[in-house]
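Fold and contact review
Below are the chains, spelled out letter by letter.
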Amino acid sequence: MNNLDQQTVLEQAARKRIKDSHALEGDVGRLAHFYREWASAYDLDVGRDGYCGPRIVAELAGAVQTAYLAKQRTAIAILDAGCGTGLVGVELNRLGFRLIDGIDLSEDMAEQARQTRVYRHVQGDVDLNGPLSDYSSASYDLTVCCGVLTLGHVRPEGLRELARVTRPNGFVIASTRKSYAETAFFEDEVRHLEDAGILVPAQRLNNGRYVAEEDAHYWVFRVLEKASAPTEEPP
Ligand SMILES: C[S@@+](CC[C@H](N)C(=O)[O-])C[C@H]1O[C@@H](n2cnc3c(N)ncnc32)[C@H](O)[C@@H]1O
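Structural notes, computed from the coordinates.

**Section: the site of the ligand**
Looking at the ligand, there are 23 residues lining it, with Tyr42, Tyr51, Gly82, Asp104 and Cys146 nearest. At 3.4 Å, a backbone N or O of Val126 approaches a nitrogen atom of the ligand. One of the side-chain nitrogen or oxygen atoms of Asn129 is found 3.5 Å away from a nitrogen atom of the ligand. When isolated, the ligand has an accessible area of 590 Å², and the protein chains bury 97% of it.

In structure tokens:
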């Protein structure tokens, strides 16, 4: 097999792995198992598929800080939700951000993120489809979420908790593959949260580059006061 053939085979294998990850139906056990197996090869595989989501999300965070946030980048507290191996953290660090925490369902992916040494703290075994009970409301200036609000991973309802842990007038920055945005009714959830006074979409990059076979939309949400208000208990 010549080099070109070998490269094509590797690219196809990487693409298949990415596709397989979308069929996990949000099942915590299957997701954890899948990413345990993938953790050490993840960066190479997504690199082969031209994955540029982390760079775009980090650059949006940089633009948002420059445009709207008074604090210096070194003092901006960021939660990287679904940090994976830390590709977003590395890009954020490159842009001068220093207070970055990461959370992920997969302990193995989280361990790879720790090894980048760009995070203040990384926590594994955290399910973004449920309440983030260990995280107080309004803890972060920015929450970033790249490649996680995606098919078979985290449902659109997860956005509510991302807003809760972000302070009022802070921002949530997220990517959504086009297929997810269309099939998972992401925009319905955004409208629901907007109507509830939780967040407002502030900027959106439509059809931006993401991976070779599909584009994504990139969202910037401004978080409102109500996001961190205690939810009313039913009587
Ligand atoms: C495609 S990777 C993206 C990782 C990283 N943000 C990036 O851009 O490279 C998806 C990540 O989401 C994590 N994940 C999947 N379902 C999750 C869930 N329910 N809660 C938390 N993390 C989850 C996986 O473990 C994996 O690390």
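**Here we look at the sheet that holds strand 4 (residues 140-145)**
Taking strand neighbours across the sheet as the criterion, the seven strands line up as 3-2-1-4-5-7-6 in an open arrangement whose pairing is mixed. Each edge of the open sheet is held by one strand with a lone partner, namely strand 3 (121-123) and strand 6 (199-211). For this sheet, the mean angle separating the axes of adjacent strands, direction not counted, is 15°. The sheet contact formed by strand 1 (residues 77-81) and strand 2 (residues 99-103) spans five bridges and is parallel. Its bridge partner being in strand 2, Ile78 is matched across the sheet by Ile100.

**Some details on the side chain of Asp101**
Of note, Asp101 is situated in strand 2. At 3.4 Å, the side chain of Asp101 forms a polar contact with the backbone nitrogen of His121. Looking at Asp101, its side chain comes within polar contact range of the side chain of Tyr140, at 2.7 Å. Beyond its immediate stretch of four places on either side in the chain, Asp101 contacts Ile78, Leu79, Asp80, Tyr119, Arg120, His121 and Tyr140.

**Some thoughts on helix 6 (residues 107-116)**
Residues Met109, Ala110 and Ala113 constitute the buried set of helix 6. On an axial view of helix 6, the arc spanned by its buried residues comes to 100°, and they lie on one face. Here the buried face of helix 6 lies against helix 2 (28-38), helix 3 (42-48) and strand 3. Of the residues that open helix 6, the one with a side-chain oxygen 3.3 Å from the backbone nitrogen of Asp108 is Ser106. Immediately downstream of helix 6, the backbone of Arg117 shows phi near 65°, a positive value.

**Concerning the packing of aromatic side chains**
We describe a pair of aromatic rings using the distance from one ring centre to the other and the angle between the two ring planes. Across all of its chains, the model carries 10 aromatic pairs by this definition. Centroid distance Trp38 to Tyr42: 4.9 Å. Interplanar angle 70°. Geometry classified as edge-to-face. Relative to Phe186, the ring of Tyr180 has its centre 6.1 Å away and its plane inclined at 50°; by these criteria the two rings are tilted. We classify Tyr180 as buried; its relative accessible area is 2%. For Phe186, a relative accessible area of 0% puts it in the buried group. Members of the aromatic cluster, each reached through a chain of ring pairs, are Phe34, Tyr35, Trp38 and Tyr42. The lysine or arginine in question, Arg204, covers the ring of Trp219, its NZ or CZ lying 4.3 Å from the ring centre. A cation over an aromatic ring shows up here: Arg222 above the ring of Tyr68, its NZ or CZ 5.2 Å from the ring centre.

**Overview of the pattern of salt bridges**
Under the counting rule described, the total for this entry stands at 19 salt bridges. Asp45 is paired through a salt bridge with Arg17; the nearest N and O atoms lie 3.6 Å apart. Of this pair, Asp45 sits in helix 3 while Arg17 sits in helix 1 (residues 3-21), and the two are 28 residues apart along the sequence. A relative accessible area of 27% means that Arg17 is categorised as partly exposed. Between Glu91 and Arg94 there is a salt bridge whose closest N-O contact spans 2.7 Å. Remark: Arg94 and Glu91 occur in helix 5 (residues 87-94); sequence separation between them is three residues, near one turn of the helix. The class for Arg94 is partly exposed, based on a relative accessible area of 43%. Three or more residues joined by partner-sharing salt bridges are found here, namely Arg55, Glu59, Glu91 and Arg94.

Calculation notes
- Residues numbered from 1 in each chain as written.
- Predicted model: local features only at pLDDT ≥ 70, side-chain atom pairs only at ≥ 80, totals over all residues.
- Heavy atoms only, no water.
- Near = heavy atom within 4 Å.
- Polar contact = N/O pair within 3.5 Å; in protein donor to acceptor, adjacent residues only side chain to side chain.
- Areas by Shrake-Rupley, 256 points an atom, 1.4 Å probe, with all protein chains shown as cover.
- Pairing = 2+ DSSP bridges.
- Helix = DSSP H or I, 4+ residues; strand = E, 2+ residues; numbered from the N terminus.
- Axes fitted to C-alpha atoms, helices over the stretch in contact; angles between N-to-C directions.
- Contact = heavy atoms within 4.5 Å.
- Buried < 20%, exposed > 50% of the residue type's maximum accessible area, 1.4 Å probe, protein only.
- Arc of directions from axis to C-beta.
- Phe/Tyr/Trp six-rings, centres within 6.5 Å; stacked < 30°, edge-to-face > 60°.
- Lys NZ or Arg CZ within 6 Å of the ring centre and 35° of its normal.
- Salt bridge = Lys/Arg side-chain N within 4 Å of Asp/Glu carboxyl O.

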